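Each chain, written out:
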Amino acid sequence: MVENPNEIDLQLWLDQEVIPRQNRLKAKFWKILSDIGNAIDSEGLVKIHSRSRGVKLSKGNNLLGFPYHVLDLIRDFDQENGLNIRLLNWFGHGIFLFVLIGNKHPKAPLNQLKSENWLFDLSETPWDYPEILLNFAATNTPKENEIANSSFYQWHKPIPIKSASEIKTRILDELKNLNYLLSEKMG
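Note that residues are indexed from 1 along each chain, following the sequence as it is written. Given that this is a predicted model, residues contribute local features only at a pLDDT of at least 70 and side-chain atom pairs are listed and counted only at 80 or more, while totals for whole chains, interfaces and linings are drawn from all residues. Computation of side-chain values: all heavy atoms of the structure, hydrogens and water removed.

## Some points on the overall build of the protein chain
On a plain count of helices and strands, the protein chain comes out with 7 helices and 7 strands. Each principal axis of the C-alpha distribution contributes one length, and for the protein chain these read about 60 × 35 × 25 Å. Relative accessibility under 20% of the residue-type maximum defines a buried residue, over 50% an exposed one, and the middle range a partly exposed one, all with a 1.4 Å probe and only protein chains included. By the burial criterion, 42% of the 187 residues in the protein chain qualify as buried. Per-residue and other accessible areas follow the Shrake-Rupley method at a 1.4 Å probe size, with only the shown protein chains counted as cover for residues. A total of about 11200 Å² of accessible surface is found on the protein chain, and carbon and sulfur atoms cover 50% of it. To qualify as a helix, a DSSP run of H or I must reach at least 4 residues; to qualify as a strand, a run of E must reach at least 2; elements of each kind are numbered from the N terminus.

Listed below in structure tokens is the structure:
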């Protein structure tokens, strides 16, 4: 629906349930992601990457006008030797798992991620989610020159959710699979 820029939607403005409803939904997701963060074994993260700084949950209200949550694991964002696992819950778009690996990391599991159906991100920065997710700046068959010319290695995978009851389980399963893959190659 195209909105007339000169009209003000007074019905929406006076709807006292819209904002509280959205806030309840954000609080429910915050609780789910907090539970997931608390379920992660911090010692296991250190085994994968010795410079792990643990788990951090944060939120924002405006990623292209939509609220979002970010759950970071490991939190070493160095684009040469670092490692970060990020879960992005982007309202209106979905839940996505990202793994950022420094482009000089000696144990980067590029082939393993490719074989597990992860998408290699082709954006200029690892945080350009609109470019990666909406403009499809990613590939499941990265060329050697795309990998060689990247200033960072980042892969992502959407986590399809079909029902509210499976949110936590689906996310934890994907994180366990990724952590296993990383610990086998990098730990």
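## Notes on the pairing of strand β3 (residues 83–90)
With 8 of its 8 residues buried, β3 lies for the most part within the structure. By the alternation rule, side chains of β3 split into Leu 83, Ile 85, Leu 87 and Asn 89 and Asn 84, Arg 86, Leu 88 and Trp 90, which are all buried. What sits between the antiparallel neighbours β3 and strand β4 (residues 94–101) is a turn of 3 residues, in which Gly 92 has the positive phi angle 85°. Two strands make a pair as long as DSSP finds a minimum of two bridges between them.

## Things to note about the nonpolar core
With 36 residues, the main nonpolar core has Ile 85, Val 99 and Ile 171 as its most contacted residues. Breaking this core down by element, the ones donating at least two residues are α2 (18–39), α3 (42–48), β2 (66–76), β3, β4, α4 (110–115), β7 (153–159) and α7 (167–186). If you tally residues by element for this core, the top one is α7, at 8 residues. By definition, residues are in contact when any of their heavy atoms lie within 4.5 Å. The residues contacting Ile 171, other than those within four sequence positions of it, are Leu 33, Ile 36, Leu 87, Ile 95 and Ile 159. Nonpolar cores are built from buried Ala, Val, Leu, Ile, Met, Phe, Trp, Tyr and Cys residues. Side-chain atoms within 4.5 Å join them into one set. Counting 9 residues, the second-largest nonpolar core is a separate cluster that includes Leu 88, Phe 96, Ile 132 and Leu 133.

## A word on the side chain of Arg 86
Checked against the element boundaries, Arg 86 lands in strand β3. The class for Arg 86 is buried, based on a relative accessible area of 12%. As used in this structure description, the phrase polar contact means that two N or O atoms lie within 3.5 Å; if the pair is within protein, one of them must be able to donate a hydrogen and the other to accept it, and residues adjacent in sequence are counted only when both atoms belong to side chains. A polar contact of 2.8 Å, which involves the side chain of Arg 86, links it to the side chain of Tyr 129. Apart from residues lying up to four places away in sequence, Arg 86 is in contact with Val 70, Leu 71, Asp 72, Phe 77, Phe 96, Leu 97, Phe 98, Trp 127 and Tyr 129.

## Here's the deal with the sheet that holds strand β6 (residues 138–139)
In spatial order, the strands read β1-β2-β3-β4-β7-β5-β6; together these 7 strands make up an open sheet with antiparallel pairing. Two strands bound the open sheet, and with one partner strand each, they are β1 (55–63) and β6. Examined bridge by bridge, strand β5 (residues 119–121) and β7 share 2 bridges and lie antiparallel to one another. Each residue of the ladder has a partner; that of Leu 119, found in β7, is His 156. Every axis in this analysis is a line fitted to C-alpha atoms, fitted for helices over the stretch in contact. Angles between the N-to-C directions lie between 0 and 180 degrees. Contacts between α2 and the sheet are confined to β1, β2, β3 and β4, with β2 contributing the most and set at about 15° to the helix. Here α7 sits on the sheet in contact with β2, β3, β4 and β7, set at roughly 15° to β4.

## A word on the packing of aromatic side chains
Between 30 and 60 degrees the pair is tilted, below 30 it is stacked and above 60 it is edge-to-face, where a pair is any two Phe, Tyr or Trp rings, Trp via its six-membered ring, whose centres lie within 6.5 Å. Under the counting rule described, the total for this entry stands at 5 aromatic pairs. Here Phe 77 and Trp 127 contribute two aromatic rings whose centre-to-centre distance is 6.4 Å and whose plane-to-plane angle is 55°, an arrangement assigned as tilted. Highlighted residues: Phe 77 in the loop between β2 and β3 and Trp 127 in the loop between β5 and α5 (129–134), separated in sequence by 50 residues. With centroids separated by 6.3 Å and ring planes inclined at 55°, the aromatic side chains of Phe 120 and Tyr 153 adopt a geometry described as tilted. On the criterion of sequence distance, the pair formed by Phe 120 in strand β5 and Tyr 153 in strand β7 is long-range, its members being 33 residues apart. Taken together, the ring pairs connect Phe 120, Tyr 153 and Trp 155 into an aromatic cluster. For a ring to carry a charge above it, either NZ of a lysine or CZ of an arginine must fall within 6 Å of the ring centroid while also lying within 35 degrees of the normal to the ring plane. Stacked on the ring of Trp 30, the Lys or Arg Lys 59 has its end atom at 4.9 Å from the ring centre.

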